Amino acid sequence: MPKVLISDKMDPKAAQIFRERGVEVDEITGKTPEELKAIIGEYDGLAIRSSTKVTQDILDAATNLKVVGRAGIGVDNVDIPAASARGVVVMNTPFGNSITTAEHAIALMFALARQLPEADASTQAGKWEKNRFMGVELTAKTLGLIGAGNIGSIVADRARGLKMKVVAFDPFLTPERAIEMGVEKVELDQLLARADFITLHTPLTDQTRNILSAENLAKTKKGVRIINCARGGLIDEAALKQGLDSGHIAGAALDVFVNEPAKESPLFGTPNFVSTPHLGASTTEAQVNVAIQVAEQMADYLVSGGVTNALNMPSLSAEEAPKLKPYMALAEKLGSLVGQLAHGALSSISIEVEGAAAELNQKPITGAVLAGLMRVHSDTVNMVNAPFLAKERGLEVREVRNEREGDYHTLVRVTVRTEAGDRSVAGTLFGNQAPRLVELFGIKVEADLAGHMLYIVNEDAPGFIGRLGTTLGEAGVNIGTFHLGRRQAGGEAILLLSVDEPVTPELAAKVRSLPGVRTAMALAF
Ligand SMILES: NC(=O)C1=CN([C@@H]2O[C@H](COP(=O)(O)OP(=O)(O)OC[C@H]3O[C@@H](n4cnc5c(N)ncnc54)[C@H](O)[C@@H]3O)[C@@H](O)[C@H]2O)C=CC1
Ligand SMILES: O=C(O)CCC(=O)C(=O)O
């Protein structure tokens, strides 16, 4: 039974779903990285929010880990390249907390417009400072939206409901989508110059880090109010403090900080500064949504191989997974076969699906071929890290889909380009389930790729099979199955033998020395 650790506070629905789906679950929150390292080796899955940092160090200790599930959107607390390299799928729940976070941004916008936190503190201190607090209306003001994705578009919708004009900067926002959202698409400088309020809704990337730098803050309108419910690091906090102190910035509200938990900050105590401790997603509704979603996604993956919302792997629905399973077994065997047989550097690989296979999601088939191919060099390769390793090695990957049936109702063909030319193998599924090799380097064969095998190319001449049988018998190696393919009688023949014992390098060399043998190699599946 797969075992999952929930390491951040999560709605109890998550644990309930894991158990209902046959996944054992432990809820252990508040561990230090060292403590987490000590226990993570036991688990197949790790369910987190934002507190747990899934670093390279943690991943190195996570010897059984298959999936990290983030109950939320941002995955900047997960080292995705390190997870990918270890073959760990990283999933998030991209929509479950969007409305809640958008509402928090709107709440902070009101808090700034009417100085609600300061007015509240003053009133409860018995001061009744009616003349101290003079707010601004939101109606007819311009809201500058930086990032117009899921959350940004909900914020825009709510702001339009408040009769604000919304201008948006997002390099990936199409003009059509801007019209649909009812926002004006602008460049960043225009937004900075025009906005009365600015709200940030981008991930933290190399392009967005410090997007509100000192230089950009200086370009804002005097009296601007700024809200950040996305990620710390989008705003230069020191420059923000200066802007507030000088009065150029009339207010700033941060839910997120460069260093979290932000137990101290030069911004704390600054007039017109409002803060919340990364509460954007903290509503009952959002936490139930993300807990259910993350548990369902992780259980699907661990129990049936379904992949949803993975950041480092193509999606594969739980419905598709059983259909694709035999194809993935076939694909992995074909990848392994070309990996074992093709010598020297490979420059490209083409994965062609034909007939019934062409109706399926091809990405997992490609991933399985690459995993089989790469596993020849490293046994830590799986479908998650194989595409990354292939890219790292400069292997060009092509996918070809051919809906017309050929000789077989379904076929997967893998062709690699080597220094010696193209090498192609193809396989089908017997009874839609059993993987069979049907073509090897242009020669028709029919073999099950399993266990220990011996691959031989020889000149098709009488007497050879007897000599081979004797050689194997003398070495105490029993032949299980025997498959022969040849271009024409008396030409080049290929033999694929399954054997009950491993073929030693010495035995392979002995077979190679038999008359007529061009090559002989041990294979393992
Ligand atoms: N405070 C909190 O508790 C929460 C914070 N978040 C944060 O909110 C962020 C946004 O979430 P979603 O809207 O769901 O993500 P999303 O992926 O739907 O939208 C992000 C948008 O940013 C845009 N973008 C990317 N690079 C940009 C750039 N250089 N300049 C301008 N725009 C750029 C993208 O095109 C995209 O439209 C997340 O990355 C997450 O970190 C999300 C949920 C809760
Ligand atoms: O889990 C949380 O409270 C934070 C949510 C968040 O930042 C996100 O989903 O990106």
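Every chain is numbered on its own, with residues counted from 1 as its sequence reads. Labels follow written order: the first chain is A, the first ligand is 1, and so on. Given that this is a predicted model, residues contribute local features only at a pLDDT of at least 70 and side-chain atom pairs are listed and counted only at 80 or more, while totals for whole chains, interfaces and linings are drawn from all residues.

- As recorded in an unreviewed UniProt entry, the chain goes by D-3-phosphoglycerate dehydrogenase and comes from Sphingomonas desiccabilis.
- UniProt positions are given in the numbering used here, feature names are shortened, and annotations may be inferred rather than shown by experiment. Annotation of the chain in UniProt includes, under Function (unreviewed entry), the sentence "Catalyzes the reversible oxidation of 3-phospho-D-glycerate to 3-phosphonooxypyruvate, the first step of the phosphorylated L-serine biosynthesis pathway. Also catalyzes the reversible oxidation of 2-hydroxyglutarate to 2-oxoglutarate."
- Looking at the chain in UniProt, the text filed under Pathway (unreviewed entry) is "Amino-acid biosynthesis; L-serine biosynthesis; L-serine from 3-phospho-D-glycerate: step 1/3."

**Focus on unusual backbone geometry**
Most of the time, phi is negative for any residue but glycine, and the peptide bond is trans.
Next, step 1: Looking along the chain, the bond that leaves E260 and enters P261 is cis, with omega of -5 degrees.
Next, step 2: Note on conventions: DSSP H or I runs of at least 4 residues are helices, E runs of at least 2 residues are strands, and numbering of each starts at the N terminus. By secondary structure assignment, the location of P261 is in the loop between β11 (249-254) and β12 (273-275).
Next, step 3: Even without being a glycine, H278 presents a positive backbone phi close to 50 degrees.
Next, step 4: Position of H278 relative to the elements: it lies in the loop between β12 and α12 (284-304).
Next, step 5: Exposed residues have 12 or fewer other C-beta atoms within 10 Å of their own C-beta, buried residues have 20 or more, and partly exposed residues fall in between, where C-beta atoms are placed from the backbone. The exposure class assigned to H278 is buried, which follows from the 21 C-beta atoms found within 10 Å.
Next, step 6: A positive phi angle, near 55 degrees, is found at N309, a position not held by glycine.
Next, step 7: Within the secondary structure, N309 is located in the loop between α12 and α13 (320-341).

**Considering the site of ligand 1**
Next, step 1: Here is the check we use: build the C-beta atom from the backbone, and if it is within 6 Å of the molecule or strand, call the residue near. What surrounds ligand 1 is a group of 32 residues, the closest being G74, G149, I151, P203 and G280.
Next, step 2: No other element matches the 3 residues that helix α7 (residues 150-161) contributes to the shell around ligand 1.
Next, step 3: A per-class count over the shell around ligand 1 returns 13 nonpolar, 16 polar and 3 charged.
Next, step 4: In terms of domain composition, the shell around ligand 1 takes at least three residues from each of domain 1 (3-96 + 285-304) and domain 2 (116-271). All residues other than Ala, Val, Leu, Ile, Met, Phe, Trp, Tyr, Cys, Pro, Asp, Glu, Lys and Arg, Gly among them, are scored as polar; the first ten of these are nonpolar and the last four charged. All domain edges in this entry derive from an automatic or database-based domain assignment.

**What to know about the packing of helix α1 (residues 13-20) against α12**
Angle between the axes and distance between the axes: these two values describe a pair of packed helices.
Next, step 1: The convention used is that axes are lines fitted to C-alpha atoms, helices contributing only their stretch in contact, and that angles between N-to-C directions extend from 0 to 180 degrees. Running from N to C, α1 and α12 cross one another at 25 degrees; their axes reach a closest spacing of 8 Å. Judged on the interaxial angle alone, α12 and α1 are roughly parallel. You can see that α1 and α12 cross each other, and the crossing is right-handed. From α1, K13, A14, I17 and F18 reach across to α12, where they touch V288, A291, I292, V294, A295, E296 and A299.
Next, step 2: Considered class by class, the residues forming the contact of α1 with α12 number 9 nonpolar, no polar and 2 charged. Should an angle fall under 35 degrees it is called roughly parallel, over 145 degrees roughly antiparallel, and 65 to 115 degrees roughly perpendicular, with every other angle called oblique. By definition, turning the near helix anticlockwise from the far helix through less than a right angle yields a left-handed crossing, and turning it clockwise yields a right-handed one. The contact rule is simple: place each C-beta atom from the backbone, and if two of them lie within 7 Å, those residues are in contact.

**A few points about the pairing of strand β18 (residues 443-447)**
Next, step 1: Being paired, for any two strands, means DSSP has found at least two bridges between them. Direction of pairing for strand β17 (residues 434-440) relative to β18: antiparallel, over a ladder of 3 bridges. The residue bridging L437 from the neighbouring strand is A447, located in β18.
Next, step 2: In this antiparallel pair of consecutive strands, β17 and β18, the connection spans 2 residues, and F441 shows a positive phi of 50 degrees.

**What about the nonpolar core?**
Next, step 1: One nonpolar core equals one set of buried Ala, Val, Leu, Ile, Met, Phe, Trp, Tyr and Cys residues connected by C-beta atoms within 7 Å. One finds A14, A47, M298 and V412 to be the most contacted residues of the largest nonpolar core, which totals 98 residues.
Next, step 2: One finds A168, V186, I211 and V224 within the second-largest nonpolar core, a separate group that totals 51 residues.

**Re the UniProt feature "domain: ACT" (unreviewed entry) in the chain**
Next, step 1: UniProt marks residues 452-515 with the feature "domain: ACT" (unreviewed entry), using the numbering shown here.
Next, step 2: A helix fraction of 30% and a strand fraction of 38% characterise residues 452-515, whose end C-alpha atoms lie 23 Å from each other.

**Considering the confidence of the model for the chain**
Low pLDDT marks regions whose predicted coordinates should not be analysed in detail.
Next, step 1: In the predicted model, the chain carries a mean pLDDT of 94, and 100% of its residues have values of at least 70.
Next, step 2: Two summary scores accompany this predicted model of the complex, namely pTM at 0.80 and ipTM at 0.99. Per residue, pLDDT measures the predictor's confidence, with a range of 0 to 100.

**Here we look at the site of ligand 2**
Next, step 1: Neighbouring ligand 2 are the residues R49, S50, G72, I73, G74, N97, H278, G280, A281 and S282.
Next, step 2: Its residues assigned to classes, the shell around ligand 2 shows 2 nonpolar, 7 polar and 1 charged.

**Quick word on the packing of helix α5 (residues 98-113) against α7**
Next, step 1: Contact pair α5 / α7: the axes reach a minimum separation of 8 Å and the direction vectors enclose 50 degrees. Between α5 and α7, the angle is such that the two are oblique. Remark: the crossing between α5 and α7 carries right-handed chirality. On the side of α5, the interface is formed by S98, I99, T101, A102, A105 and I106, while α7 contributes N150, I151, I154, V155 and R158.
Next, step 2: When its residues are assigned to classes, the contact of α5 with α7 shows 7 nonpolar, 3 polar and 1 charged.

**Here's the deal with the environment of A62**
Next, step 1: If you trace the backbone, A62 turns up in the loop between α3 (56-61) and β4 (67-70).
Next, step 2: Spatially, the C-alpha atom of A62 lies 9.5 Å from that of L36, the residues being 26 residues apart in sequence.
Next, step 3: Residues contacting A62, with those up to four places away along its chain left out, are I40 and G41.

**So, the pairing of strand β20 (residues 479-486)**
In regular strands, side chains alternate between the two faces of the sheet.
Next, step 1: In this structure, β20 lies alongside strand β21 (residues 492-499), joined through 7 bridges in antiparallel fashion. Opposite F482, over in β21, you have L497 as the bridge partner.
Next, step 2: The hairpin formed by β20 and β21 contains 5 residues between the paired strands, and G490 there has a positive phi angle of roughly 80 degrees.

**Remarks on the UniProt feature "domain: D-3-phosphoglycerate dehydrogenase ASB" (unreviewed entry) in the chain**
Next, step 1: The sites that carry the UniProt feature "domain: D-3-phosphoglycerate dehydrogenase ASB" (unreviewed entry) are, in the present numbering, residues 323-440.
Next, step 2: Note that residues 323-440 is 34% helix and 36% strand, and that its end C-alpha atoms are spaced 25 Å apart.

**So, α12**
Next, step 1: Taking 1.5 Å of rise per residue, the 21 residues of α12 would be expected to cover 30 Å, and the 29 Å separating its terminal C-alpha atoms lies within 8% of that figure.
Next, step 2: Within α12, 15 of the 21 residues are buried, leaving the element largely enclosed by the surrounding structure.
Next, step 3: Phi turns positive, to about 85 degrees, at G305, one or two residues after α12. For a helix, the expected span equals 1.5 Å multiplied by the residue count minus one.

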